[in-house]
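Spelled out, the chains give:
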Amino acid sequence: MRRLVLTSLAVLAMLAAPACKDSDPNAFETYTAKIRSDEGRGVALKDLDKLVKTVSTAEPAVRDPRFQEFVDKVIPVFVEVWDASQPVERTQMLEMLRIVSRPEGAEIWNKALELDGSDEARKQALLALQGISNAKAVGSVDTLIKSFGDLIENPSKDKGKREGEIRLEMAKTLGDLKDPKAVPVLISALEKTKDQQPVAVHRQAAKALGDIGDAAATDALITVMFRVPDAPSTTDIGNRAKLALAGIGKDAVPKVISMLKGQHEEVNKLANENGVDLLVVQQSAADALGNMGAKEAVAELIAFMPNSGCVAPGAEPPDPKAKGKKKDEPEVDPADASLRAFVARSLGFIGDESAVDALCGCVHATHNPGDMTEILDALGRIGGEKATTCLVEAIKTGEFNPDTVANSDFVHEPKWIAGRWAVLAAPPSKIGEVKAAFEEANKVSEQVSKELARFSKAIEITETCGEKKDCYIKVLADANGDIVAREKAAYELVRLAQGDEEAALEISKAFKIRNPDARVTMALMAPRAMGGKPCTKCAAAFEEIIEGEKGTMDATMQLPVITSRYSIAKLGG
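Now for a look at the structure at hand. Treat the numbers as computed from the prediction; the structure is a model and nothing was measured.

A look at unusual backbone geometry
Thought 1: We note that Ser101 has phi near 50°; this positive angle belongs to a residue other than glycine.
Thought 2: Along the polypeptide, Ser101 turns up in the loop between α6 (87-100) and α7 (106-112).
Thought 3: Given a relative accessible area of 22%, Ser101 falls into the partly exposed group.
Thought 4: For Lys178, which is not a glycine, the phi torsion comes out positive at approximately 60°.

A few points about the state of the cysteines
Thought 1: The tally for this structure, following the rule as stated, stands at four disulfides.
Thought 2: With a sulfur-sulfur separation of 2.0 Å, Cys310 is cross-linked through a disulfide to Cys362. On the S-S bond that ties Cys310 to Cys362, the torsion sits near 110°, and the link is right-handed. You can see Cys310 sitting in the loop between α18 (298-304) and α19 (334-350) and its partner Cys362 sitting in helix α20 (residues 356-362), a full 52 residues away along the chain.

Topic: the side chain of Thr91
Thought 1: Within the secondary structure layout, Thr91 lies in helix α6.
Thought 2: When neighbours within four sequence positions are excluded, Thr91 is seen to be in contact with Lys123, Gln124 and Leu127.

A word on the packing of aromatic side chains
Thought 1: On inspection of all chains with the given rule, the structure shows four aromatic pairs.
Thought 2: Considering the side-chain rings of Phe438 and Phe455, the 6.4 Å spacing of their centres and the 55° angle between planes classify their relative orientation as tilted. With a gap of 17 residues between them, Phe438 in helix α24 (residues 431-442) and Phe455 in the loop between α25 (446-452) and α26 (456-465) connect regions that are remote in the sequence. Of the two residues, Phe438 and Phe455, neither departs from the other in class, the shared state being buried.
Thought 3: The ring of Trp421 carries the charged tip of Arg420 above its face, separated from the ring centre by 4.3 Å.
Thought 4: If you follow Arg519 out to its NZ or CZ, it ends over the ring of Phe511, 4.9 Å from the centre.

Cut-offs applied
Residues numbered from 1 in each chain as written. Predicted model: local features only at pLDDT ≥ 70, side-chain atom pairs only at ≥ 80, totals over all residues. Heavy atoms only, no water. Helix = DSSP H or I, 4+ residues; strand = E, 2+ residues; numbered from the N terminus. Buried < 20%, exposed > 50% of the residue type's maximum accessible area, 1.4 Å probe, protein only. Disulfide = S-S within 2.5 Å. Contact = heavy atoms within 4.5 Å. Phe/Tyr/Trp six-rings, centres within 6.5 Å; stacked < 30°, edge-to-face > 60°. Lys NZ or Arg CZ within 6 Å of the ring centre and 35° of its normal.

Below, the structure written as C-alpha coordinates:
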(Lines give C-alpha, C1' and ligand atoms only; values in the text may rest on other atoms or scores of the structure.)
Protein backbone atom coordinates (compact mmCIF):
# COMPACT_ATOMS: atom_id res chain seq x y z
CA MET A 1 0.00 0.00 0.00
CA ARG A 2 2.87 2.43 0.87
CA ARG A 3 4.44 1.87 -2.54
CA LEU A 4 1.12 2.61 -4.30
CA VAL A 5 0.71 5.86 -2.37
CA LEU A 6 4.24 6.93 -3.21
CA THR A 7 3.67 6.14 -6.90
CA SER A 8 0.48 8.24 -6.98
CA LEU A 9 2.28 11.11 -5.27
CA ALA A 10 5.07 10.84 -7.81
CA VAL A 11 2.60 11.13 -10.68
CA LEU A 12 1.00 14.18 -9.09
CA ALA A 13 4.39 15.76 -8.50
CA MET A 14 5.39 15.07 -12.08
CA LEU A 15 2.22 16.74 -13.34
CA ALA A 16 2.57 19.80 -11.11
CA ALA A 17 3.85 22.78 -13.08
CA PRO A 18 7.15 24.34 -11.90
CA ALA A 19 7.87 28.05 -12.06
CA CYS A 20 9.91 27.98 -15.27
CA LYS A 21 7.25 27.45 -17.93
CA ASP A 22 9.58 27.36 -20.95
CA SER A 23 11.45 24.28 -19.74
CA ASP A 24 8.59 22.60 -17.93
CA PRO A 25 8.54 18.94 -19.08
CA ASN A 26 4.91 18.67 -17.92
CA ALA A 27 3.60 21.63 -19.90
CA PHE A 28 2.14 20.83 -23.29
CA GLU A 29 3.43 24.16 -24.62
CA THR A 30 6.98 22.85 -24.16
CA TYR A 31 6.33 20.41 -27.02
CA THR A 32 3.93 22.23 -29.33
CA ALA A 33 6.53 24.79 -30.44
CA LYS A 34 8.96 22.00 -31.35
CA ILE A 35 6.23 19.99 -33.10
CA ARG A 36 5.78 22.92 -35.50
CA SER A 37 9.42 22.50 -36.51
CA ASP A 38 10.27 19.84 -39.10
CA GLU A 39 13.63 19.26 -37.39
CA GLY A 40 12.38 18.89 -33.82
CA ARG A 41 9.01 17.23 -34.44
CA GLY A 42 10.08 13.59 -34.10
CA VAL A 43 11.79 13.98 -30.70
CA ALA A 44 9.07 16.30 -29.40
CA LEU A 45 6.33 13.82 -30.32
CA LYS A 46 8.21 11.00 -28.63
CA ASP A 47 8.59 12.98 -25.40
CA LEU A 48 4.99 14.21 -25.56
CA ASP A 49 3.81 10.61 -25.93
CA LYS A 50 5.52 9.75 -22.62
CA LEU A 51 3.75 12.66 -20.92
CA VAL A 52 0.35 11.62 -22.31
CA LYS A 53 0.83 8.06 -21.08
CA THR A 54 1.78 9.36 -17.63
CA VAL A 55 -1.27 11.61 -17.50
CA SER A 56 -3.48 8.67 -18.51
CA THR A 57 -2.49 6.80 -15.33
CA ALA A 58 -3.52 9.64 -13.00
CA GLU A 59 -6.78 9.83 -11.08
CA PRO A 60 -9.69 11.35 -13.08
CA ALA A 61 -9.55 14.56 -11.05
CA VAL A 62 -6.02 15.12 -12.38
CA ARG A 63 -6.26 13.36 -15.73
CA ASP A 64 -9.42 14.96 -17.11
CA PRO A 65 -8.33 18.61 -16.80
CA ARG A 66 -4.95 17.76 -18.33
CA PHE A 67 -6.60 15.98 -21.24
CA GLN A 68 -8.79 19.04 -21.77
CA GLU A 69 -5.54 21.02 -21.98
CA PHE A 70 -4.34 18.55 -24.60
CA VAL A 71 -7.53 19.12 -26.58
CA ASP A 72 -7.18 22.89 -26.40
CA LYS A 73 -3.44 23.24 -26.93
CA VAL A 74 -2.13 20.17 -28.77
CA ILE A 75 -4.82 18.96 -31.17
CA PRO A 76 -4.88 22.25 -33.15
CA VAL A 77 -1.12 21.90 -33.63
CA PHE A 78 -1.52 18.31 -34.84
CA VAL A 79 -4.05 19.55 -37.42
CA GLU A 80 -1.64 22.31 -38.45
CA VAL A 81 1.36 20.02 -39.08
CA TRP A 82 -0.39 16.83 -40.26
CA ASP A 83 0.16 17.32 -43.99
CA ALA A 84 3.85 18.13 -43.48
CA SER A 85 4.50 15.20 -41.12
CA GLN A 86 6.18 11.87 -41.88
CA PRO A 87 4.17 8.61 -41.61
CA VAL A 88 5.89 7.64 -38.34
CA GLU A 89 5.06 11.06 -36.89
CA ARG A 90 1.41 10.75 -37.90
CA THR A 91 1.30 7.36 -36.20
CA GLN A 92 2.65 8.94 -33.01
CA MET A 93 -0.07 11.59 -33.10
CA LEU A 94 -2.77 8.96 -33.62
CA GLU A 95 -1.46 6.87 -30.73
CA MET A 96 -1.81 9.88 -28.41
CA LEU A 97 -5.26 10.72 -29.71
CA ARG A 98 -6.32 7.13 -29.11
CA ILE A 99 -5.16 7.34 -25.48
CA VAL A 100 -6.83 10.71 -24.88
CA SER A 101 -10.04 9.49 -26.58
CA ARG A 102 -11.76 12.83 -26.94
CA PRO A 103 -14.19 13.54 -29.81
CA GLU A 104 -12.25 16.70 -30.70
CA GLY A 105 -9.73 14.40 -32.39
CA ALA A 106 -12.19 13.93 -35.27
CA GLU A 107 -10.44 16.32 -37.65
CA ILE A 108 -7.19 14.32 -37.46
CA TRP A 109 -8.98 10.98 -37.57
CA ASN A 110 -10.84 12.07 -40.69
CA LYS A 111 -7.52 12.85 -42.37
CA ALA A 112 -6.14 9.44 -41.36
CA LEU A 113 -9.04 7.66 -43.09
CA GLU A 114 -7.69 8.70 -46.49
CA LEU A 115 -6.09 5.48 -47.77
CA ASP A 116 -3.47 5.22 -50.50
CA GLY A 117 -2.90 1.44 -50.38
CA SER A 118 0.31 1.65 -48.32
CA ASP A 119 0.89 -0.27 -45.10
CA GLU A 120 1.52 3.02 -43.28
CA ALA A 121 -1.85 4.42 -44.33
CA ARG A 122 -3.57 1.20 -43.29
CA LYS A 123 -1.95 1.32 -39.86
CA GLN A 124 -2.97 4.95 -39.43
CA ALA A 125 -6.55 4.21 -40.49
CA LEU A 126 -6.81 1.40 -37.94
CA LEU A 127 -5.53 3.67 -35.17
CA ALA A 128 -7.98 6.35 -36.24
CA LEU A 129 -10.87 3.90 -36.14
CA GLN A 130 -9.94 2.83 -32.62
CA GLY A 131 -9.84 6.46 -31.55
CA ILE A 132 -13.17 7.27 -33.20
CA SER A 133 -14.79 4.28 -31.53
CA ASN A 134 -13.33 4.98 -28.07
CA ALA A 135 -14.27 8.67 -28.21
CA LYS A 136 -17.67 8.10 -29.87
CA ALA A 137 -16.55 10.83 -32.26
CA VAL A 138 -19.72 11.59 -34.19
CA GLY A 139 -17.81 14.29 -36.04
CA SER A 140 -16.20 11.48 -38.04
CA VAL A 141 -19.43 9.78 -39.12
CA ASP A 142 -19.76 11.43 -42.52
CA THR A 143 -16.12 10.88 -43.46
CA LEU A 144 -16.25 7.30 -42.21
CA ILE A 145 -19.40 6.57 -44.23
CA LYS A 146 -17.80 7.96 -47.39
CA SER A 147 -14.52 6.08 -46.85
CA PHE A 148 -16.36 2.83 -46.16
CA GLY A 149 -18.54 3.27 -49.23
CA ASP A 150 -15.50 3.94 -51.42
CA LEU A 151 -13.82 0.74 -50.19
CA ILE A 152 -16.96 -1.33 -50.71
CA GLU A 153 -17.10 -0.26 -54.34
CA ASN A 154 -13.32 -0.31 -54.88
CA PRO A 155 -11.64 -2.59 -52.33
CA SER A 156 -8.17 -2.43 -53.90
CA LYS A 157 -6.86 -0.30 -51.00
CA ASP A 158 -7.94 -2.91 -48.46
CA LYS A 159 -5.77 -5.81 -49.63
CA GLY A 160 -3.18 -6.01 -46.84
CA LYS A 161 -2.11 -9.04 -44.80
CA ARG A 162 -5.75 -9.51 -43.77
CA GLU A 163 -7.95 -8.66 -46.72
CA GLY A 164 -10.99 -6.67 -45.69
CA GLU A 165 -9.56 -5.68 -42.29
CA ILE A 166 -10.15 -1.95 -42.81
CA ARG A 167 -13.73 -2.50 -44.01
CA LEU A 168 -14.41 -4.79 -41.07
CA GLU A 169 -13.14 -2.18 -38.58
CA MET A 170 -15.08 0.57 -40.34
CA ALA A 171 -18.29 -1.44 -40.02
CA LYS A 172 -17.55 -2.10 -36.35
CA THR A 173 -16.91 1.59 -35.70
CA LEU A 174 -20.14 2.62 -37.43
CA GLY A 175 -21.97 0.16 -35.18
CA ASP A 176 -20.29 1.66 -32.11
CA LEU A 177 -21.36 5.17 -33.16
CA LYS A 178 -24.97 4.00 -33.70
CA ASP A 179 -25.79 6.76 -36.19
CA PRO A 180 -28.73 5.86 -38.49
CA LYS A 181 -27.00 7.77 -41.30
CA ALA A 182 -24.71 4.72 -41.62
CA VAL A 183 -27.54 2.30 -42.42
CA PRO A 184 -27.47 2.68 -46.25
CA VAL A 185 -23.72 2.07 -46.54
CA LEU A 186 -23.89 -0.94 -44.21
CA ILE A 187 -26.75 -2.32 -46.30
CA SER A 188 -24.62 -1.89 -49.42
CA ALA A 189 -21.94 -4.02 -47.72
CA LEU A 190 -24.49 -6.78 -47.08
CA GLU A 191 -25.56 -6.71 -50.71
CA LYS A 192 -22.12 -7.75 -51.96
CA THR A 193 -21.56 -11.38 -52.86
CA LYS A 194 -18.99 -13.66 -51.27
CA ASP A 195 -16.57 -13.29 -54.18
CA GLN A 196 -16.74 -9.48 -53.93
CA GLN A 197 -16.05 -9.18 -50.21
CA PRO A 198 -14.77 -11.35 -47.31
CA VAL A 199 -17.63 -12.86 -45.32
CA ALA A 200 -16.16 -11.37 -42.13
CA VAL A 201 -17.16 -7.94 -43.45
CA HIS A 202 -20.73 -9.13 -44.06
CA ARG A 203 -20.87 -10.46 -40.49
CA GLN A 204 -19.59 -7.22 -39.01
CA ALA A 205 -21.93 -5.09 -41.13
CA ALA A 206 -24.87 -7.21 -39.93
CA LYS A 207 -23.79 -6.75 -36.32
CA ALA A 208 -23.42 -3.00 -36.81
CA LEU A 209 -26.96 -2.78 -38.20
CA GLY A 210 -28.20 -4.57 -35.10
CA ASP A 211 -26.28 -2.12 -32.90
CA ILE A 212 -27.92 0.79 -34.70
CA GLY A 213 -31.33 -0.88 -34.55
CA ASP A 214 -32.98 0.77 -37.55
CA ALA A 215 -35.83 -1.25 -39.10
CA ALA A 216 -34.79 0.01 -42.55
CA ALA A 217 -32.13 -2.72 -42.48
CA THR A 218 -34.59 -5.60 -42.01
CA ASP A 219 -34.83 -6.74 -45.64
CA ALA A 220 -31.05 -6.62 -46.08
CA LEU A 221 -30.54 -8.73 -42.94
CA ILE A 222 -33.11 -11.29 -44.05
CA THR A 223 -31.77 -11.62 -47.59
CA VAL A 224 -28.05 -11.80 -46.68
CA MET A 225 -28.68 -15.15 -44.98
CA PHE A 226 -29.44 -16.62 -48.40
CA ARG A 227 -27.15 -14.47 -50.53
CA VAL A 228 -23.87 -15.20 -48.74
CA PRO A 229 -22.96 -18.84 -47.97
CA ASP A 230 -21.06 -19.20 -44.69
CA ALA A 231 -19.63 -22.09 -42.70
CA PRO A 232 -21.93 -22.92 -39.75
CA SER A 233 -20.76 -21.46 -36.43
CA THR A 234 -22.08 -19.41 -33.54
CA THR A 235 -20.98 -16.27 -35.41
CA ASP A 236 -21.87 -17.18 -39.00
CA ILE A 237 -23.75 -14.71 -41.18
CA GLY A 238 -27.10 -16.33 -40.36
CA ASN A 239 -26.58 -15.99 -36.61
CA ARG A 240 -25.23 -12.46 -36.97
CA ALA A 241 -28.23 -11.42 -39.09
CA LYS A 242 -30.70 -12.95 -36.62
CA LEU A 243 -28.93 -11.21 -33.74
CA ALA A 244 -29.26 -7.93 -35.62
CA LEU A 245 -32.97 -8.56 -36.12
CA ALA A 246 -33.26 -9.07 -32.35
CA GLY A 247 -31.46 -5.75 -31.89
CA ILE A 248 -34.01 -4.03 -34.12
CA GLY A 249 -36.87 -5.66 -32.24
CA LYS A 250 -40.58 -5.63 -32.99
CA ASP A 251 -40.29 -3.32 -36.01
CA ALA A 252 -38.52 -6.15 -37.84
CA VAL A 253 -41.18 -8.75 -37.02
CA PRO A 254 -43.60 -8.22 -39.98
CA LYS A 255 -40.87 -8.88 -42.56
CA VAL A 256 -39.76 -12.05 -40.76
CA ILE A 257 -43.36 -13.24 -40.58
CA SER A 258 -43.64 -12.79 -44.35
CA MET A 259 -40.57 -14.99 -44.65
CA LEU A 260 -42.20 -17.59 -42.37
CA LYS A 261 -45.28 -17.60 -44.62
CA GLY A 262 -43.11 -18.06 -47.71
CA GLN A 263 -44.16 -14.64 -49.01
CA HIS A 264 -40.84 -12.77 -49.06
CA GLU A 265 -40.13 -12.72 -52.81
CA GLU A 266 -36.45 -11.72 -52.67
CA VAL A 267 -35.65 -14.38 -50.06
CA ASN A 268 -37.49 -17.02 -52.06
CA LYS A 269 -35.62 -16.02 -55.22
CA LEU A 270 -32.20 -16.20 -53.51
CA ALA A 271 -33.07 -19.49 -51.84
CA ASN A 272 -34.08 -20.97 -55.17
CA GLU A 273 -30.88 -19.75 -56.85
CA ASN A 274 -28.78 -21.36 -54.11
CA GLY A 275 -30.72 -24.62 -53.93
CA VAL A 276 -32.22 -23.93 -50.48
CA ASP A 277 -35.59 -25.56 -49.81
CA LEU A 278 -38.49 -23.29 -48.83
CA LEU A 279 -38.91 -25.26 -45.60
CA VAL A 280 -35.37 -24.28 -44.57
CA VAL A 281 -36.26 -20.64 -45.21
CA GLN A 282 -39.34 -20.99 -43.02
CA GLN A 283 -37.40 -22.74 -40.27
CA SER A 284 -34.88 -19.89 -40.32
CA ALA A 285 -37.73 -17.43 -39.91
CA ALA A 286 -39.22 -19.42 -37.03
CA ASP A 287 -35.82 -19.55 -35.35
CA ALA A 288 -35.35 -15.80 -35.78
CA LEU A 289 -38.79 -15.03 -34.36
CA GLY A 290 -38.13 -17.25 -31.36
CA ASN A 291 -34.82 -15.65 -30.54
CA MET A 292 -36.29 -12.19 -31.07
CA GLY A 293 -38.95 -13.00 -28.48
CA ALA A 294 -41.55 -11.91 -31.04
CA LYS A 295 -44.90 -12.24 -29.27
CA GLU A 296 -46.54 -10.68 -32.31
CA ALA A 297 -45.69 -13.85 -34.25
CA VAL A 298 -47.18 -16.45 -31.89
CA ALA A 299 -50.40 -16.96 -33.89
CA GLU A 300 -48.44 -17.40 -37.14
CA LEU A 301 -46.05 -19.88 -35.54
CA ILE A 302 -48.93 -21.92 -34.13
CA ALA A 303 -50.58 -21.96 -37.56
CA PHE A 304 -47.27 -23.11 -39.08
CA MET A 305 -46.79 -25.91 -36.53
CA PRO A 306 -48.00 -29.33 -37.81
CA ASN A 307 -50.86 -30.65 -35.67
CA SER A 308 -51.08 -34.27 -36.85
CA GLY A 309 -51.57 -36.44 -33.76
CA CYS A 310 -52.44 -33.44 -31.59
CA VAL A 311 -55.74 -33.05 -29.73
CA ALA A 312 -57.95 -30.02 -29.30
CA PRO A 313 -57.54 -28.04 -26.05
CA GLY A 314 -59.38 -29.81 -23.24
CA ALA A 315 -59.70 -33.12 -25.11
CA GLU A 316 -58.52 -36.38 -23.57
CA PRO A 317 -54.91 -37.19 -24.58
CA PRO A 318 -54.21 -40.59 -26.16
CA ASP A 319 -53.36 -43.46 -23.84
CA PRO A 320 -49.54 -43.67 -23.74
CA LYS A 321 -49.75 -47.42 -22.97
CA ALA A 322 -51.86 -48.23 -25.99
CA LYS A 323 -50.04 -50.55 -28.39
CA GLY A 324 -49.95 -49.60 -32.04
CA LYS A 325 -52.04 -47.01 -33.82
CA LYS A 326 -55.69 -46.67 -32.90
CA LYS A 327 -58.23 -46.97 -35.67
CA ASP A 328 -59.14 -43.28 -35.58
CA GLU A 329 -55.65 -41.98 -34.71
CA PRO A 330 -53.94 -40.09 -37.57
CA GLU A 331 -50.56 -41.20 -38.87
CA VAL A 332 -47.78 -38.84 -37.76
CA ASP A 333 -45.22 -37.99 -40.41
CA PRO A 334 -41.68 -37.91 -38.91
CA ALA A 335 -41.06 -34.69 -40.86
CA ASP A 336 -44.10 -33.14 -39.18
CA ALA A 337 -42.81 -34.20 -35.77
CA SER A 338 -39.43 -32.64 -36.55
CA LEU A 339 -40.97 -29.35 -37.68
CA ARG A 340 -43.27 -29.33 -34.66
CA ALA A 341 -40.21 -29.64 -32.41
CA PHE A 342 -38.59 -26.72 -34.23
CA VAL A 343 -41.63 -24.45 -33.83
CA ALA A 344 -42.17 -25.51 -30.21
CA ARG A 345 -38.65 -24.43 -29.41
CA SER A 346 -39.30 -20.99 -30.88
CA LEU A 347 -42.56 -20.64 -28.96
CA GLY A 348 -40.78 -21.53 -25.75
CA PHE A 349 -38.13 -18.89 -26.32
CA ILE A 350 -40.83 -16.29 -27.01
CA GLY A 351 -42.51 -17.23 -23.74
CA ASP A 352 -46.09 -16.12 -24.46
CA GLU A 353 -48.89 -17.94 -22.60
CA SER A 354 -51.18 -17.82 -25.63
CA ALA A 355 -49.16 -20.72 -27.09
CA VAL A 356 -49.85 -23.07 -24.16
CA ASP A 357 -53.09 -24.62 -25.44
CA ALA A 358 -51.58 -25.57 -28.80
CA LEU A 359 -48.43 -26.98 -27.22
CA CYS A 360 -50.32 -28.88 -24.55
CA GLY A 361 -52.55 -30.44 -27.21
CA CYS A 362 -49.47 -31.79 -29.01
CA VAL A 363 -47.39 -32.98 -26.07
CA HIS A 364 -48.61 -36.58 -26.46
CA ALA A 365 -48.77 -36.53 -30.27
CA THR A 366 -45.95 -38.99 -30.98
CA HIS A 367 -44.29 -40.01 -27.69
CA ASN A 368 -41.07 -39.46 -29.61
CA PRO A 369 -38.23 -37.72 -27.71
CA GLY A 370 -37.61 -35.44 -30.69
CA ASP A 371 -40.78 -33.39 -30.43
CA MET A 372 -42.15 -34.40 -27.02
CA THR A 373 -39.05 -33.10 -25.22
CA GLU A 374 -39.09 -29.79 -27.11
CA ILE A 375 -42.78 -29.30 -26.32
CA LEU A 376 -42.22 -29.97 -22.61
CA ASP A 377 -39.26 -27.58 -22.69
CA ALA A 378 -41.41 -24.93 -24.38
CA LEU A 379 -44.19 -25.26 -21.80
CA GLY A 380 -41.63 -24.92 -19.02
CA ARG A 381 -39.99 -21.85 -20.56
CA ILE A 382 -43.38 -20.18 -20.97
CA GLY A 383 -44.38 -20.94 -17.38
CA GLY A 384 -47.51 -19.84 -15.55
CA GLU A 385 -50.57 -21.68 -14.26
CA LYS A 386 -51.86 -23.14 -17.56
CA ALA A 387 -48.46 -24.51 -18.52
CA THR A 388 -48.05 -25.94 -15.01
CA THR A 389 -51.35 -27.82 -15.29
CA CYS A 390 -50.20 -29.43 -18.54
CA LEU A 391 -46.80 -30.31 -17.10
CA VAL A 392 -48.36 -31.82 -13.99
CA GLU A 393 -50.35 -34.16 -16.23
CA ALA A 394 -47.16 -35.10 -18.08
CA ILE A 395 -45.48 -35.96 -14.75
CA LYS A 396 -48.24 -38.48 -14.14
CA THR A 397 -48.66 -39.96 -17.63
CA GLY A 398 -45.72 -38.94 -19.80
CA GLU A 399 -43.87 -41.76 -21.54
CA PHE A 400 -41.66 -42.16 -24.57
CA ASN A 401 -42.40 -44.86 -27.13
CA PRO A 402 -40.12 -47.78 -26.08
CA ASP A 403 -39.01 -48.11 -29.71
CA THR A 404 -37.49 -44.61 -29.63
CA VAL A 405 -35.22 -44.89 -26.55
CA ALA A 406 -31.96 -46.74 -25.91
CA ASN A 407 -33.30 -48.79 -22.99
CA SER A 408 -36.35 -49.14 -20.78
CA ASP A 409 -34.88 -46.86 -18.08
CA PHE A 410 -35.71 -43.87 -20.26
CA VAL A 411 -39.29 -44.73 -21.20
CA HIS A 412 -40.42 -42.61 -18.25
CA GLU A 413 -37.99 -39.74 -18.88
CA PRO A 414 -40.85 -37.32 -19.77
CA LYS A 415 -41.93 -37.54 -16.13
CA TRP A 416 -38.75 -35.99 -14.81
CA ILE A 417 -38.34 -33.61 -17.74
CA ALA A 418 -41.87 -32.35 -16.99
CA GLY A 419 -41.05 -32.45 -13.26
CA ARG A 420 -38.21 -29.97 -13.55
CA TRP A 421 -40.21 -27.63 -15.71
CA ALA A 422 -43.32 -27.87 -13.52
CA VAL A 423 -41.29 -26.84 -10.47
CA LEU A 424 -39.89 -23.86 -12.38
CA ALA A 425 -43.17 -22.87 -14.02
CA ALA A 426 -45.48 -23.18 -11.02
CA PRO A 427 -46.30 -20.10 -8.93
CA PRO A 428 -46.23 -20.84 -5.17
CA SER A 429 -50.02 -21.33 -5.20
CA LYS A 430 -49.62 -24.32 -7.56
CA ILE A 431 -46.55 -25.96 -6.04
CA GLY A 432 -48.78 -28.30 -3.97
CA GLU A 433 -50.18 -29.77 -7.20
CA VAL A 434 -46.65 -30.41 -8.43
CA LYS A 435 -45.75 -32.21 -5.18
CA ALA A 436 -48.86 -34.38 -5.44
CA ALA A 437 -47.92 -35.35 -9.01
CA PHE A 438 -44.40 -36.23 -7.79
CA GLU A 439 -45.88 -38.54 -5.15
CA GLU A 440 -47.95 -40.33 -7.77
CA ALA A 441 -45.04 -40.64 -10.21
CA ASN A 442 -42.66 -41.88 -7.51
CA LYS A 443 -44.68 -45.12 -7.42
CA VAL A 444 -43.78 -45.91 -11.04
CA SER A 445 -40.13 -46.83 -10.47
CA GLU A 446 -37.05 -46.08 -8.38
CA GLN A 447 -35.51 -44.33 -11.37
CA VAL A 448 -38.39 -41.85 -11.58
CA SER A 449 -38.28 -41.26 -7.82
CA LYS A 450 -34.51 -40.68 -7.92
CA GLU A 451 -34.74 -38.20 -10.80
CA LEU A 452 -37.63 -36.22 -9.30
CA ALA A 453 -35.78 -35.96 -5.97
CA ARG A 454 -33.30 -33.60 -7.69
CA PHE A 455 -35.93 -30.88 -7.62
CA SER A 456 -36.80 -31.06 -3.92
CA LYS A 457 -34.64 -28.07 -2.96
CA ALA A 458 -36.38 -25.88 -5.54
CA ILE A 459 -39.76 -26.88 -4.12
CA GLU A 460 -38.48 -26.10 -0.64
CA ILE A 461 -37.35 -22.58 -1.51
CA THR A 462 -40.68 -21.92 -3.24
CA GLU A 463 -42.51 -22.80 -0.03
CA THR A 464 -40.03 -20.79 2.07
CA CYS A 465 -39.86 -17.63 -0.06
CA GLY A 466 -43.47 -17.54 -1.21
CA GLU A 467 -44.09 -14.00 -2.49
CA LYS A 468 -40.91 -12.41 -1.06
CA LYS A 469 -38.70 -10.92 -3.75
CA ASP A 470 -35.68 -10.39 -1.49
CA CYS A 471 -35.73 -14.06 -0.49
CA TYR A 472 -35.46 -15.14 -4.12
CA ILE A 473 -32.67 -12.63 -4.80
CA LYS A 474 -30.70 -14.16 -1.94
CA VAL A 475 -31.23 -17.68 -3.32
CA LEU A 476 -30.23 -16.56 -6.82
CA ALA A 477 -27.05 -14.83 -5.63
CA ASP A 478 -25.77 -17.93 -3.76
CA ALA A 479 -23.10 -19.23 -6.15
CA ASN A 480 -22.92 -22.49 -4.18
CA GLY A 481 -26.66 -22.99 -4.03
CA ASP A 482 -28.76 -25.71 -5.66
CA ILE A 483 -28.89 -25.22 -9.42
CA VAL A 484 -32.63 -25.76 -9.93
CA ALA A 485 -33.41 -23.68 -6.84
CA ARG A 486 -31.50 -20.77 -8.39
CA GLU A 487 -33.39 -21.26 -11.67
CA LYS A 488 -36.63 -21.21 -9.69
CA ALA A 489 -35.59 -17.95 -8.06
CA ALA A 490 -35.07 -16.41 -11.52
CA TYR A 491 -38.58 -17.49 -12.59
CA GLU A 492 -40.16 -16.02 -9.48
CA LEU A 493 -38.29 -12.74 -9.88
CA VAL A 494 -39.72 -12.40 -13.39
CA ARG A 495 -43.18 -12.84 -11.87
CA LEU A 496 -42.65 -10.61 -8.84
CA ALA A 497 -40.30 -7.92 -10.12
CA GLN A 498 -41.26 -6.90 -13.67
CA GLY A 499 -39.16 -3.93 -14.74
CA ASP A 500 -36.94 -4.16 -11.64
CA GLU A 501 -33.35 -3.59 -12.82
CA GLU A 502 -31.89 -4.95 -9.59
CA ALA A 503 -33.63 -8.29 -10.09
CA ALA A 504 -32.74 -8.44 -13.80
CA LEU A 505 -29.10 -7.70 -13.00
CA GLU A 506 -28.95 -10.51 -10.42
CA ILE A 507 -30.36 -12.92 -13.02
CA SER A 508 -27.76 -11.72 -15.54
CA LYS A 509 -24.93 -12.24 -13.05
CA ALA A 510 -26.26 -15.73 -12.31
CA PHE A 511 -25.46 -16.67 -15.92
CA LYS A 512 -22.07 -17.62 -14.49
CA ILE A 513 -23.68 -20.78 -13.09
CA ARG A 514 -21.82 -23.84 -14.41
CA ASN A 515 -24.76 -25.70 -15.91
CA PRO A 516 -25.88 -25.34 -19.55
CA ASP A 517 -29.62 -25.68 -18.91
CA ALA A 518 -29.53 -23.19 -16.05
CA ARG A 519 -27.54 -20.76 -18.18
CA VAL A 520 -30.22 -20.81 -20.86
CA THR A 521 -32.77 -20.08 -18.14
CA MET A 522 -30.81 -17.07 -16.89
CA ALA A 523 -30.30 -15.77 -20.43
CA LEU A 524 -34.03 -16.00 -21.18
CA MET A 525 -35.27 -14.65 -17.86
CA ALA A 526 -33.15 -11.47 -17.65
CA PRO A 527 -34.93 -9.68 -20.56
CA ARG A 528 -38.29 -10.96 -19.33
CA ALA A 529 -37.60 -9.49 -15.89
CA MET A 530 -37.06 -6.11 -17.56
CA GLY A 531 -40.41 -6.40 -19.35
CA GLY A 532 -39.02 -5.17 -22.65
CA LYS A 533 -37.05 -2.25 -21.19
CA PRO A 534 -33.28 -1.93 -21.76
CA CYS A 535 -30.74 -2.74 -19.05
CA THR A 536 -27.22 -1.92 -20.17
CA LYS A 537 -25.77 -3.14 -16.86
CA CYS A 538 -27.42 -6.52 -17.48
CA ALA A 539 -26.00 -6.69 -21.02
CA ALA A 540 -22.55 -5.80 -19.67
CA ALA A 541 -22.80 -8.57 -17.05
CA PHE A 542 -23.44 -11.19 -19.74
CA GLU A 543 -20.59 -9.83 -21.87
CA GLU A 544 -18.16 -9.86 -18.95
CA ILE A 545 -18.91 -13.51 -18.16
CA ILE A 546 -18.60 -14.62 -21.79
CA GLU A 547 -15.36 -12.66 -22.25
CA GLY A 548 -13.91 -14.07 -19.03
CA GLU A 549 -14.55 -17.65 -20.17
CA LYS A 550 -13.46 -17.23 -23.77
CA GLY A 551 -11.49 -20.25 -24.91
CA THR A 552 -12.56 -22.40 -21.95
CA MET A 553 -16.16 -23.29 -22.88
CA ASP A 554 -16.99 -26.69 -24.34
CA ALA A 555 -19.69 -27.59 -26.85
CA THR A 556 -22.37 -27.88 -24.16
CA MET A 557 -22.18 -24.11 -23.69
CA GLN A 558 -23.00 -23.28 -27.32
CA LEU A 559 -26.76 -22.81 -26.81
CA PRO A 560 -26.30 -20.77 -23.59
CA VAL A 561 -23.83 -18.45 -25.33
CA ILE A 562 -26.06 -17.97 -28.38
CA THR A 563 -29.08 -17.35 -26.14
CA SER A 564 -27.14 -14.82 -24.07
CA ARG A 565 -26.16 -12.93 -27.23
CA TYR A 566 -29.81 -12.52 -28.13
CA SER A 567 -30.48 -11.33 -24.59
CA ILE A 568 -27.65 -8.80 -24.88
CA ALA A 569 -29.25 -7.50 -28.09
CA LYS A 570 -32.60 -7.11 -26.31
CA LEU A 571 -31.11 -5.55 -23.17
CA GLY A 572 -28.58 -3.24 -24.77
CA GLY A 573 -31.14 -0.54 -25.48
